[in-house]
Amino acid sequence: MAIIASVVGEPSTAGASTALPPSPRLTAPQGTLVLPNLDDDTRRCTLRPGDLDRLDVAVDTRLASCNDAADDIVNGPRDMADLTPVRLAPMKTTRHASGRISVPTEQGKYVRIFVRRAGTYVSLGSDGQLTASELRHGAQLAVEGRDIVRDPKRWDGRISLTLTVTKGQDARTAHLALHIAPVLLQNDLQRAQQVFAAAPGPGKGQPVEVPAATRQPGQWRQFADSLRKATRAAGMADRQLTFQKGTSQWWRDIWRQDIVEPAYVTRPTPNGPHTLRILLRSPNYWTSHDGRSASLRRAGRLLFRDLRGPDIGIVQQYTTHRDPNVDELLNFTGNIESLPPYDGFPHGRILYGSSAQRHPDPSFTRMLRAQGQQPPVVLDTSWLVVGHADETVHVLRADNARGWTLAVSDPRLAVDLLRRAQRAGEGGQRLFAGTEADLKPTIDEYLRMDATRGDNEYAARHLDEQLKVLLRATGLRPQDIIRLPVLYMGDEPGGGLPRRYIAASPALANGLSLSARDYAAPDPHGPRVTGHDLFREEAGRRLAAQGVRVRWVEDFSWAHMVGGEVHCATNALRDVP
């Protein structure tokens, strides 16, 4: 049943005449939510030659400014469905009455109003006149949202429609309160509809961006084939997995998780919810070495080429002048995750990594908070080299009351497995055998090194602190958590800087959920004992205990050796509830 909101107007104090009949009436027959109409229903927005590679922020501005809300026409029937209908009830007026519908000046650039005339919807802008005939016979209006809420101090999402009807000195008004729909992040329990990853591109240029990559990724075919096998096993059709060829600098930026965080907006209609996807582009802002040019992260322009279209819009939110603790690595959207709904949080919660020493662009996190529906949980990820929330934690389904839990990295478990193998006489087995790893230590060699450096215990203490935050925020119990074996190593920064850590073995929590039950995890390449991968066996057993089916993906050379894993190198558009 449609939700109908209506407000009957009141007489103004402009005059005492009773020449006008009772006040006008505005109704919202499908409810008061308005979608930010940022998609491109007719696919009129296209990239120009050279757009993918040009180091020029003007390219990013132009690409983001082209969408259905940027013009003052209704771009076909699909675009019409993105507008919120408003009805003006017929009034018993004379032909001498006039009407004006408007929003407050400060809301004007966020809203456009249309009226149906001669079978076509015509723009009134944010302040337009209605004819005497439309007042007498009633009018069909439509309200278009032109943006999302980015900063509540500038605009909090409220849309206040006012209809003023006048005749001579007499006036009547009607008011209707609408609100822009909040942007909601998808979560990993929602089935993947479309998975995309990078593919080798046309060239091998040396870009000025993405400092995380220190070597060229390799063995793409092994990665691609195993990912295809995983999606097929999860019941996905081949067309639901896309490998994107990017810019001439493809090899420095294969991180599809890190260029965008998929989200959505929705409103009720008589035929069910109507939804637009809103892709939140990473706020990475790169400058050239000489400081003379700058742009947003260029791989993010692939979103405009490959994904923007009907029911899919893109939002850019970033600042060019930042405090010194804004870290571009934490601006990667692999650092933005979400928790599913649970008691007290019907839309779930945002999860990201931040600290006083290293944090994302505050204008981006302000935008996330401004939606008001998914209060953030913030983890300290400053101890990690890359510093992303997805490196150490992942949402997975579980056989508990809420239906989900968290998988987390556990270096103590990984070291304990090695020690058990050593006690069983298997200390000569090698880690990372069969990979392109630079070092393939035996169990004995690795344990001696770890006893000297203490990397795994240091990492474990940081992970303990993360887990305290997560348990407190979610109400999960320690026994609910799925612990996965991952080894860590610290860097040698020098100069008194703190040591930072990165996964030495593939981080098993840094995988891709294909469905609530199907999890594409990086093959850990642990030491083999009695013919079985020690880490793979342990992780598979723990995940299977919660009804999770593991689909192993070979990402060692493609992602792990250049600082990421399966999750970092992929992304997914998911079913919207």
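Residues numbered from 1 in each chain as written. Predicted model: local features only at pLDDT ≥ 70, side-chain atom pairs only at ≥ 80, totals over all residues. Heavy atoms only, no water.

Trainee: Help me out: how do you make sense of helix α9 (residues 443-453) in this one?
Mentor: Residues three or four positions apart in an α-helix share a direction because the helix packs 3.6 residues into each turn. Among all positions in α9, only Ile443, Tyr446, Leu447 and Asp450 are buried. In a view along the axis of α9, the buried residues occupy a sector of 95°, so they form one face of it. Residues Arg448 and Thr452 are exposed on α9 and point more than 90 degrees away from its buried face. In this structure, the buried side of α9 is in contact with α8 (411-423), α10 (455-474) and β27 (488-490). In the segment just after α9, Gly454 is the residue with positive phi, at about 70°. (Buried < 20%, exposed > 50% of the residue type's maximum accessible area, 1.4 Å probe, protein only. Helix = DSSP H or I, 4+ residues; strand = E, 2+ residues; numbered from the N terminus. Arc of directions from axis to C-beta. Contact = heavy atoms within 4.5 Å.)

Trainee: I'm lost on the state of the cysteines in this one. Help?
Mentor: Structurally, a disulfide amounts to a covalent bond that connects the sulfur atoms of two cysteines. This structure, assessed with the given rule, holds 1 disulfide. Shown here is the disulfide that connects Cys45 with Cys66, its sulfur atoms set 2.0 Å apart. Disulfide Cys45-Cys66: the torsion about the S-S bond is -80°, which places it as left-handed. In this pair, Cys45 sits in the loop between β4 (33-34) and α1 (57-65) while Cys66 sits in the loop between α1 and α2 (76-80), placing the two residues 21 residues apart along the sequence. (Disulfide = S-S within 2.5 Å.)

Trainee: What exactly am I supposed to notice about the sheet that holds strand β34 (residues 570-574) here?
Mentor: Note on sheets: strands pair through backbone hydrogen bonds, and any given pair is parallel or antiparallel. Here 3 strands make up an open sheet; going across it, the order is β15-β14-β34 and the pairing mixed. Pairing within the sheet leaves two strands with one partner each, and these edge strands are β15 (241-245) and β34. Recorded for the sheet is a direction-independent mean angle of 25° between the axes of neighbouring strands. Bridging between strand β14 (residues 192-199) and β34 involves 5 bridges; their strand directions are antiparallel. Note on β34: the bridge partner recorded for Ala192 is Arg574. (Pairing = 2+ DSSP bridges. Axes fitted to C-alpha atoms, helices over the stretch in contact; angles between N-to-C directions.)

Trainee: What should I look at first to understand α10 in this one?
Mentor: The end-to-end C-alpha separation of α10 is 28 Å, in line with the 28 Å expected for 20 residues at 1.5 Å each. Listed in full, the buried residues belonging to α10 are Asp455, Asn456, Ala459, Ala460, Leu463, Gln466, Leu467, Leu470, Leu471, Ala473 and Thr474. All buried residues of α10 fall inside an arc of 150° around its axis, so they share one side. Positive phi shows up at Gly475, right after α10, with a value of about 80°. (Expected span 1.5 Å × (residues − 1).)

Trainee: Which parts of the structure should I look at to understand the sheet that holds strand β30 (residues 518-522)?
Mentor: Ordered by their spatial adjacency, 3 strands build an open sheet running β29-β30-β33, and the pairing between neighbours is mixed. If you trace the sheet from one side to the other, it starts and ends with β29 (512-513) and β33 (549-553), each paired once. Where β30 meets β33, 5 bridges bridge the pair, whose relative direction is parallel. Pairing of Pro522 across the sheet is with Val553, part of β33. Those strands touched by helix α4 (residues 220-233) are β30 and β33, and its axis lies near 160° from that of β33. In the packing of helix α11 (residues 534-544) onto the sheet, contacts are made with β30 and β33, and the angle to β33 comes to roughly 150°.

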